[in-house]
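Here is how the chains run, residue by residue.
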Amino acid sequence: MKILKFGGTSVANPENINRVKSIVSSTEADKIAVIVSAFGGITDMLLSTSALASDQDLEYKKGLQEIEERHISVIKELIPVQKQSAILSKVKSELNVLETLLEGAFLIGELTSKLSDKIVSYGELLSAFIISEFFKSEGLDTELKDSRELIITDENYGKATVDFTLTNLNCSTYFKEATHKITVLPGFVASSSNGNLTTLGRGGSDFTAAIIAAALDAEVLEIWTDVSGMFTANPKLVKQAKCVEHISYEEAMELSHFGAKVLYPPTIQPVLNKEIPILIKNTFSPGDPGTHIAKNHNGNGKTVRGISHVGGISLLSLEGPGMIGIPGISKRFFETLSLENISVVLITQASSEHSICVGISEEDVDKAVVAVNQAFAYEISTNKIQPVIVEQDLAIIALVGDNMKSHQGLSGKMFSTLGKNNVNIRAIAQGASERNISAVIAKTDVKKALNSLHERFFEENVKQLNLFVMGVGNVGSKFLGQIQQQKKYLKKELKLNLRVVGISNSRTMTFDENGIDLANWESALSNGEKADKALFFEKVKSLNFRNSVFVDNTASDQVAQSYPSYLKNSISVVTCNKIACSSDYGYYKNLKQLAKQYNAPFLFETNVGAGLPIIDTLKHLIASGDKVNKIQAVLSGSLNFVFNNFNDSVTFHDIVKQAQEEGYTEPDPTIDLSGIDVMRKILILARESGNELDIDQIENESFLPKESLETDSNEAFFKSLVKYESDFQKMYKVATDANSKLKYVAQFENGKAKVGLQQIPKGHDFYNLEGSDNIVLFYTERYPNQPMIIKGAGAGADVTASGIFADIIRIGNF
């Protein structure tokens, strides 16, 4: 015999009920028991309508009318016209009784648990009747059986306890004598030994099916729902979640307890004792394999089988010096909660006995606080115990797996993953069986925590980075293009999944939680909201994505000042903006410390040498124990371009203009030609070498006339270059006569730095530096005479974008 249970979404409307009929009629078995829930949404409507009635709000009548219309419309669509009369009459008769019950609640202004059970039961009772009549009208050999006649419970209304001895006897007796192939039964409902209607708790239709399956030693229990089985995580929150095709009873019980809504937690116990397999199937995709739950069915020894969560949790903490070494404190605490019918979902206690912490539903907080404070009133009054402490707006996340106990380090992996993503853990619980590791976190962190853990334990080491890009000019646009081009390669070869979630320029900004289509980012940005740097940060923060990275492609001081906000929220920062790292030494040091404190990388490779691995190489030298004694460098691709192309046949003005037009200089070329840009770069290298230095300590031997330096517009600046052309030509001639070339050189040695134009003779490493190339010579204790040399293109949007890209990849490998 097979037991098939169909949930509310599976019987939500006539179309879905037709799907159910097809599944039942195609099931191969001698006998089939079909347990059905109320039509989707009806239970909630019954609860809200009864609440209105008990509040003496006449709006309850509208709810009742809507419930009636819903059932009548299903009958009229499913049942042939000539067979509708008797069915409609029966349903209307039952709805009249429901109306009487609601009127009673309205008149007395109260809704007892017993009355609530009677009212809410109509969802399943009407659903089972209508579906059984539909099956009959379609020629299926069907009979309706009222579950209240089979399942006997106590009178704990709302969540009754089953008397399995009487229930099993009733079920076996009835089905032994049943002659019809298909028996339709309402889920959720039962009755006490006194004949009073009871219910099995919310979601109890699964339990009904399991009770009957166990009583009859069924071949299989099939739970038909709207998802294709139990998933490694909630697929609504974790898009990469996968169906778990095989799982043990114990693992399924743990997952269902911690929020896997596919299964009602008590369901498994009756069938576990009989070792009856459970199959979770999708009504809307019956061909999917679903999840098979059975004894020792733990997926070929896999460790973590699922990650689940339950929301709406509050922590209660009882603590104080009067608890230490005093027997019975825990007993009184839990007894008090038990007497208030409060279920404890998590327990943790300090080994010092100074405190006990429990997790309960946030709905029970108020009565729990009153009860516990009353129970310990004497100890509180004598300051032996503090009044109960409450923390709210929390959730529990749990790793589940039978084989976790035989694998070391899972807890460490779990907590380090959460820590790296700035998820604060408020409490931890782990059973001796090690089948479950649970942690209490803020409810706002649930999505990030689930995705981070799923990525860590299930996604074949594919790491997702969520990028928020500010600045999409020359460099920014090239950067986005490179991501689009390399996205598939990175996922396949480096196991990195890059998503650009937010983009902003100076005018507009746009966000897409699912990732912006980089083929159409310009259109999305042009249609975005007004740009606001503070709101951009708040949006990044509120999205609270794991592995978030803020990418600054601007030259804005305001943006550079925002880095601490990002880092303090464990949002990594990648920047080509030199302002932050070349500003006040205290600010630079603070950024580095924040990056360590919040485990959020702060990378700025492109601050020096565009895409050249200069800073990264320097870091490795220092980390390996080497010491930098001297740095010599040509660090301005702009100035190198200018002096490589300037000669006696072209004016200095024209070469600088060309450099500006081709993107080698900043929009304001005085930033490059004044030497301030080179000063910033040598300052950063000095600091990364371990030296404390500020920019006003760097000597700048400027080659520009004072008048040029003091101009207040590009137009005035270029006019001044024309005016002093003879001075520039003179510099060129002096160098040429000395068989040398002009290079703008930065140097750091003995704690001092300077920049300036120098004549570089033949044979020097700088002499043959072409185009806009950069070169750095590191003289260290290990490279005292022949320096380590890094040389290559040091300017241009493409190479700068590639340098930013390289920093993103470094974070991916972090």
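That block above? That's the structure.
Residues numbered from 1 in each chain as written. Predicted model: local features only at pLDDT ≥ 70, side-chain atom pairs only at ≥ 80, totals over all residues. Heavy atoms only, no water.

Overview of the sheet that holds strand β13 (residues 344-349)
Cut-off, in case you're wondering: Any two strands between which DSSP finds at least two bridges are classified as paired. Put simply, DSSP H or I for four residues or longer makes a helix, DSSP E for two residues or longer makes a strand, and each gets a number counted from the N terminus. Inter-axis angles, ranging from 0 to 180 degrees, are taken between N-to-C directions of lines fitted to C-alpha atoms, where helices are fitted over the stretch in contact. Only heavy atoms matter for contacts: two residues are in contact if any of them lie within 4.5 Å across the pair.
In spatial order, the strands read β13-β14-β12-β15-β17-β16; together these six strands make up an open sheet with antiparallel pairing. Looking at strand neighbours, the two that pair on one side only are β13 and β16 (425-430), the edges of this open sheet. In this sheet, adjacent strand axes meet at a mean angle of 30° when their direction is disregarded. Taken together, the seven bridges between strand β15 (residues 389-400) and strand β17 (residues 436-442) define a ladder with antiparallel strand orientation. Following the sheet pairing, leucine 394 is matched in β17 by alanine 442. Sitting on the sheet, helix α14 (residues 410-420) touches β15, β16 and β17, and the angle it makes with β17 is about 15°. Contacting β12 (306-319), β15 and β17, helix α15 (residues 446-458) runs over the sheet at an angle of about 125° to β12.

Structural notes on the packing of helix α3 (residues 60-78) against helix α4 (residues 84-108)
Put simply, the rule reads: Orientation categories follow fixed angle ranges, with anything under 35 degrees roughly parallel, anything over 145 roughly antiparallel, 65 to 115 roughly perpendicular, and all other angles oblique. Here is the rule for handedness: rotate from the far helix to the near one, and if that takes an anticlockwise turn smaller than a right angle the crossing is left-handed, while a clockwise turn gives right-handed. For this scheme, ten residues count as nonpolar: Ala, Val, Leu, Ile, Met, Phe, Trp, Tyr, Cys and Pro. Four count as charged, namely Asp, Glu, Lys and Arg, and the remainder, Gly too, count as polar.
With their axes 11 Å apart at the nearest point, α3 and α4 run at an angle of 165° to one another. Taken together, the axis directions place α3 and α4 in an arrangement best described as roughly antiparallel. The two elements α3 and α4 cross, and the hand of that crossing is right-handed. Facing Tyr60, Leu64, Ile67, Glu68, His71, Ile72, Ile75 and Lys76 of α3, the residues of α4 in contact are Gln84, Ile87, Leu88, Val91, Lys92, Leu95, Leu98, Glu99, Leu102, Glu103 and Phe106. Of the residues assigned to the contact of α3 with α4, the class counts are 12 nonpolar, two polar and five charged.

Considering helix α24 (residues 652-661)
Short version of the rule: Buried, partly exposed and exposed residues are distinguished by accessible area as a fraction of the type maximum, computed with a 1.4 Å probe on protein chains only: under 20%, between the cut-offs, and over 50%, respectively. Arc, as used here, means the arc of the directions from the helix axis to the C-beta atoms.
The complete set of buried residues in α24 reads Phe652, Ile655, Val656, Ala659 and Gln660. In a view along the axis of α24, the buried residues occupy a sector of 140°, so they form one face of it. Looking at the buried residues of α24, the elements they touch are α23 (637-645), α25 (670-673), α28 (714-723) and α29 (725-737). Looking one or two residues past α24, glycine 663 carries a phi angle of roughly 85°, positive in sign.

A short note on the environment of valine 549
Checked against the element boundaries, valine 549 lands in strand β22 (residues 548-552). Judged by its relative accessible area of 0%, valine 549 falls in the buried class. Remark: the alpha-carbon pair of valine 549 and valine 573, spanning 24 residues in sequence, is separated by 5.7 Å.

None of the figures reported here should be taken as evidence of function without further support.
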